[in-house]
Amino acid sequence: MGLCEKQLTCSLDRGSSWEDPRSRSTQRRCPRRHRALSALTLAMRSVFAARRAVLVFAVLFAASLPALPWVLSLVYPLAAAAVMPALPEENVRVTIAFIGDVIPHERLVDSARVARTRPGDGENPRGGTAAAAYDFTPILRHVAPYLRAADYAVANLETPLAGPESGYTGFPLFNAPLELALALRQAGIDLCTTANNHCLDRGWSGLVATIDRLAQAGLAHVGTNRSLTESQTPLVVDLKGVHVGFLAYTETLNGHSPPRERGTYAVNRLDVDRVASDAALARLLGAEIVVALVHWGDEYQRQPHARQIAVTRALLESEAVLSRGVDVIIGHHSHVVQPIARVGGLAGGPGKYVAYSLGNFLSNQPWRYSDSGLIAYLHLEKSGFRARVTGLSYLPVYVQRDVSRFPTRYRALPVLPGRETLSDLPLSRAQRARLTQIPAELDPLLFRPEEGVQPLDPSALGLSETPAR
Ligand SMILES: [Zn+2]
């Protein structure tokens, strides 16, 4: 061990007799405090050595960085396989169909009457209940393949199903038979929104009876609630591993109101803050995509009014809100088609869409614009953990009325542009002209392929252009 610098300085300063400062004798003569300083110096040198080692390691680490992804790629699949065994290997594509207003005017309900049969006698395909005196399935026979082909299908049911006791009626206070719900179910509908201006046409008891009958028909519902708990439980559906939340609201109740003690939960009223909090709750429950079904706007207006546009922006562009608002708005109520558009969303991010109104799907409003509506197809894609909206396509639907016989017969017909529309009922010359006119009059409202809004390609649903009836 050599002498420290302090020891040498000390000996020179004092002019001592150190002729050989490295000899044992002179070392012994160095003051004790210098030994402590020597230990300190040793410690410092150790620190310097450690720092050099760290630097060497850092250089080696940096040199190995190009190989890091390869190492991780070996490790990651093992971790993923252990932690996420259900992660899909390929992109999952989901299509959800939405139909417009199912508003059963009295003449339409009368057209569905069939001979009453005894419960369970099997003669009536809809038999099994004492009220099985209606059959709506022929009305939907042509359009049903286009609903069944989707992974999920949603309708706006604009009538109570309150039961036969108070009679089946149309405008202004609706009430329709259970068989309407059964036919919708058989045609491929999975979910009905009941939040609309007619949901209280038969009062609170009618609202509850409607939900019960929908469940009886095998249909889910959203928008009206039998309890506070039901109103606070967003509907989240697992569609091939993509979790979609459905919310529903209405702007108007035609002046009706639920009983005071049920006013907080009976009907979901349209309110931006309420929608945002419901969307947040739906996402907490696992929803990756949130769809709001909204009953709003002015009847028979082919363009949205300023309030619809303002609410749309608040719900689709609320990126600052944790809930991220909703992803898609599907509108009803105007009884005519209103535009579809991609709105807001982050630049280059997933699409957010609004269909302001799908028009009529089933009604007795045979005048231009109200005689038709849309099936809107929402296209979703999930890759790994990321689900997103990829577009919204549409298929026009025309309500054919055959008044050549009594009672009037109805058919909901899919209208494929450039293709002959088929029906098992005779189509008049005026009806054929109308079928040609409908796609042309809808194009200015809908056709935006650059935004992912375009006519349905039936083959995308695995359908030929003229599916089996
Ligand atoms: Zn309405």
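Right above here is the structure, for reference.
These numbers come from a predicted model, not from an experiment.

Caption draft 1: Spotlight on the sheet that holds strand β5 (residues 235-239). If you trace the six strands from one edge of the open sheet to the other, you get β5-β6-β7-β8-β10-β9, paired in mixed fashion. Of all the strands in the sheet, just β5 and β9 (340-342) have a single pairing partner and so form its edges. Here the average twist between neighbouring strands, direction ignored, is 20°. Together, β5, β6 (242-250) and β7 (289-295) form the strand contacts of helix α11 (residues 272-284), whose direction differs from that of β6 by roughly 160°.

Caption draft 2: Fine view of the environment of R448. Inspection of the secondary structure puts R448 in the loop between α13 (429-446) and β15 (453-455). Considered as a pair, R448 and I340 are 108 residues apart in the sequence and their alpha carbons are 8.5 Å apart.

Caption draft 3: Fine view of helix α9 (residues 203-216). Compared with an ideal rise of 1.5 Å per residue, which puts 14 residues at 20 Å, α9 spans 20 Å between its outermost C-alpha atoms and is within 8% of the ideal. Residues G206, L207, T210, I211, R213 and L214 constitute the buried set of α9. The arc enclosing the buried residues of α9, seen along the axis, measures out at 165°, which places them on a common side. Considering only its buried residues, α9 is in contact with α8 (178-187), β3 (191-193) and β4 (220-222). Positive backbone phi, approximately 85°, marks G218, located one or two places after α9.

Caption draft 4: Looking closely at unusual backbone geometry. Between F171 and P172 the backbone carries a cis peptide bond, its omega angle lying at 5°. Inspection of the secondary structure puts P172 in the loop between β2 (152-157) and α8. Here F406 and P407 are connected by a cis peptide whose omega angle stands at -5°. With respect to the element layout, P407 can be found in the loop between β13 (386-402) and β14 (409-414). With a phi angle near 55°, K240 is a residue other than glycine that sits in the positive phi range. Summarising the element assignment, K240 is placed in the loop between β5 and β6. Notably, Y300 is not glycine yet its phi reads approximately 65°, a positive angle.

Caption draft 5: Structural detail: the pairing of β14. Counting buried residues in β14 gives five out of six residues, a clear majority hidden from the surface. Pairing of β13 with β14, which is carried by six bridges, proceeds in the antiparallel orientation. Paired with Q400 across the strands is R411, a residue of β14. The hairpin formed by β13 and β14 contains six residues between the paired strands.

Caption draft 6: Expanded view of the environment of S334. Mapped onto the fold, S334 is located in the loop between β8 (328-332) and β9. What makes S334 buried here is the crowd of 29 C-beta atoms within 10 Å. With residues near it in sequence (within four places) discarded, S334 still touches G297, D298, E299, Y300, Q301 and S357.

Reading the values: the criteria
- Residues numbered from 1 in each chain as written.
- Predicted model: local features only at pLDDT ≥ 70, side-chain atom pairs only at ≥ 80, totals over all residues.
- Pairing = 2+ DSSP bridges.
- Helix = DSSP H or I, 4+ residues; strand = E, 2+ residues; numbered from the N terminus.
- Axes fitted to C-alpha atoms, helices over the stretch in contact; angles between N-to-C directions.
- Contact = placed C-beta atoms within 7 Å.
- Expected span 1.5 Å × (residues − 1).
- Buried ≥ 20, exposed ≤ 12 C-beta atoms within 10 Å, placed from the backbone.
- Arc of directions from axis to C-beta.

Distances and angles like these do not, on their own, reveal function.
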